[in-house]
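Fold and geometry: a report
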Amino acid sequence: MHLVNCSLYNEHHLPPARRLIQPNDLVVVFESFNDLNFVYAKPNDIFSNRNGHFHHNDFIGKPYGCKIRSKNNDGLGFLYLLRPTPELWARSLPHRTQIVHELDASMIVHYLNLSPNMTVCESGTGSGAMSHAILRSIAPKGKLHTYEFNKLRVEKAREEFEGHGLGHLAECYHRDVCGKKALLKLKNGDDGTDKIDESGSSNKDDDNNQDDDDGTGGFQLGQAVSHAIFLDLPEPWLAVPHAAYTIKANGRICSYSPCMEQTQRTSAALRKHGFHSLRTVEARLKEYFVDEIEMEAPPTDLPVILTEENASMEKERCANGGVLPKKEDEKMQDAAPEETKGGVGKKRKTNSKLLCARPFAQMRGHSAFLTFATAGNALRPDPNR
């Protein structure tokens, strides 16, 4: 058997888990059960909330999970410093758009069959919550290509990925995968050239959210490149032809749509472009309150099995009209088990503790319909040609 020098094979992993908080580390702040926030630990900075003022210098060098007291209010205010995970980040991040919460994210990761070192495409970066869940699943050497039509959100997502140590796993693109510009030009009969007005300026859209997008649509990665594709778009059926061209044979695709009408139209487009095994699911979270409850033991009339010595004394007592000599009576009481003392054949009642669960009165409402499908074996043509 020959041993291999692992140092010869470079790998890209997620940032190593550090026990102690270092300067500029991302820290999730637990304020209450339903209130989470986040900070980047920077020397001499202060985090303030309704519980008081908390100095970042007290964060640095402390282990994740520790409890920090406020500098004012006599130290009555406190919070917990948690290590960031995709689930905690989704609950604390600044919402630039509606996000995919952890329940739907877990379903998406599971049904897309994501595993390490995969190449995944995501259209609709938004706040980046789903991106973090995907990145954790495809590390250490996978690649996420995420697309967003809003340039400001693209730049913010890039900053967050770099700050969280995920820049080597993710590529952010400012692009409309649906290609609505090209469809609009085709509908209006435009040849695609930009007209120049009298002032010498182009009639091209001046919005800074679209200035890097050529409007043709698609992922621009080539044919049969991606193992899985996730679509979080208002009109996902427009992106299905481009997804069919980019996805590998037997690859998985998921569309996240709040309305059934969107789901029906997307399903029709998926079937038209060679996808099969369609499945639409809706995940609902029902929480239970679990607690240990003390209950009184039910009464029992079961007789107690007596020892041979006590049985002979019982026969003697019955023969003497229910009376035993005093010494014999004391001897029988001493020989009786603990639970039967104070009365032969009667068990002492003891309360028992049971672990019980009851559902909460309210259940989290509808979030979205998740439509999954599998790509066929045949290669699909490029819709842009």
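Residues numbered from 1 in each chain as written. Predicted model: local features only at pLDDT ≥ 70, side-chain atom pairs only at ≥ 80, totals over all residues. Heavy atoms only, no water.

**Some remarks on the environment of Ala243**
- As for its position among the elements, Ala243 is in helix H7 (residues 240-246).
- With residues up to four places along the chain from it excluded, the contact list for Ala243 reads Phe219, Ile229, Ile253 and Phe275. (Helix = DSSP H or I, 4+ residues; strand = E, 2+ residues; numbered from the N terminus. Contact = heavy atoms within 4.5 Å.)

**Some points on unusual backbone geometry**
- Cis geometry is found at the peptide bond from Ala139 to Pro140, where omega equals 15°.
- One can find Pro140 in the loop between helix H4 (129-138) and strand S8 (143-148).
- Although it is not a glycine, Asn44 sits at a positive phi angle of roughly 75°.
- Take Asn44: it is sitting in the loop between strand S2 (35-40) and strand S3 (46-49).

**Points about the sheet that holds S8**
- Strand order in the open sheet formed by seven strands is S9-S8-S7-S10-S11-S15-S12, and the pairing between neighbours is mixed. Each edge of the open sheet carries a strand with a single partner, namely strand S9 (170-174) and strand S12 (275-281). With direction set aside, neighbouring strand axes in the sheet form an average angle of 15°.
- The pairing of strand S7 (residues 119-123) with strand S10 (residues 226-231) spans four bridges and is parallel. Of the residues in S10, the one forming a bridge with Cys121 is Ile229.
- Its contacts with the sheet put H4 on S7, S8, S9 and S10, and the angle it makes with S8 is roughly 165°.
- Sitting on the sheet, helix H5 (residues 151-163) is in contact with S8 and S9, with an inclination near 165° to S9. (Pairing = 2+ DSSP bridges. Axes fitted to C-alpha atoms, helices over the stretch in contact; angles between N-to-C directions.)

**Section: the environment of Asp25**
- Inspection of the secondary structure assignment puts Asp25 in the segment before strand S1 (26-32).
- On the basis of relative accessibility, which here comes to 10%, the residue Asp25 falls in the buried class.
- Spatially, the C-alpha atom of Asp25 lies 8.2 Å from that of Val39, the residues being 14 residues apart in sequence. (Buried < 20%, exposed > 50% of the residue type's maximum accessible area, 1.4 Å probe, protein only.)

**Thoughts on the pairing of S2**
- Taken together, the six bridges between S1 and S2 define a ladder with antiparallel strand orientation. If you follow Phe30 over to S2, its bridge partner there is Leu36.
- What sits between the antiparallel neighbours S1 and S2 is a turn of two residues.

**Regarding the side chain of Asp176**
- When you line up the elements, Asp176 lands in the loop between S9 and helix H6 (180-188).
- What makes Asp176 buried here is its relative accessible area of 16%.
- Reaching out from Asp176, the side chain makes a polar contact with the backbone nitrogen of Cys178 at a distance of 3.2 Å. (Polar contact = N/O pair within 3.5 Å; in protein donor to acceptor, adjacent residues only side chain to side chain.)

**Looking at the nonpolar core**
- Formed by 31 residues in total, the largest nonpolar core has its most connected members in Ile108 and Met130.
- Elements that contribute at least two residues to this core include exactly helix H3 (102-111), H4, H5, S9, S10, strand S11 (247-257) and strand S15 (369-375).
- Ranked by the residues each element gives to this core, the list is headed by H4, at five residues.
- Residues Trp237, Ile253, Ala269 and Ala373 belong to the second largest nonpolar core, which totals 20 residues. (Core = buried A, V, L, I, M, F, W, Y, C linked by side-chain atoms within 4.5 Å.)

**Overview of the side chain of Ser127**
- Turning to its location among the elements, Ser127 is positioned in the loop between S7 and H4.
- For Ser127, a relative accessible area of 2% corresponds to the buried category.
- Polar side-chain contacts of Ser127 include one of 3.0 Å to the backbone nitrogen of Thr97.
- Once residues within four sequence positions are removed from consideration, Ser127 is found in contact with Leu93, Pro94, His95, Arg96, Thr97, Ile99 and Glu160.

**Topic: the packing of aromatic side chains**
- Evaluated as defined, the whole model comprises eight aromatic pairs.
- Between Phe38 and Tyr40, the ring centres sit 5.9 Å apart and the planes meet at 90°, which makes this aromatic pair edge-to-face.
- Seen from their ring centres, Tyr111 and Phe372 are 5.1 Å apart, and the 40° between their planes marks the pair as tilted. Of the two residues, Tyr111 is situated in helix H3 and Phe372 in strand S15; the sequence distance between them amounts to 261 residues. The same class applies to Tyr111 as to Phe372, namely buried.
- Among the aromatic residues, those joined into a cluster by ring pairs are Phe30, Phe78 and Tyr80.
- Just above the ring of Phe78 sits the side chain of Lys67; from NZ or CZ to the centre is 4.1 Å. (Phe/Tyr/Trp six-rings, centres within 6.5 Å; stacked < 30°, edge-to-face > 60°. Lys NZ or Arg CZ within 6 Å of the ring centre and 35° of its normal.)

**Some remarks on the confidence of the model for the chain**
- A residue-level look at the chain finds 77% of positions with pLDDT of 70 or above and a mean pLDDT of 83.
- Taken as a whole, residues 192-211 scores under 50 in pLDDT and shows 25 contacts with residues more than four places along the chain or in a different chain.
- Below a pLDDT of 50 lies the segment residues 339-346, which in the model reaches 14 contacts outside its immediate sequence neighbourhood of four places, other chains included. (pLDDT = per-residue confidence, 0-100.)

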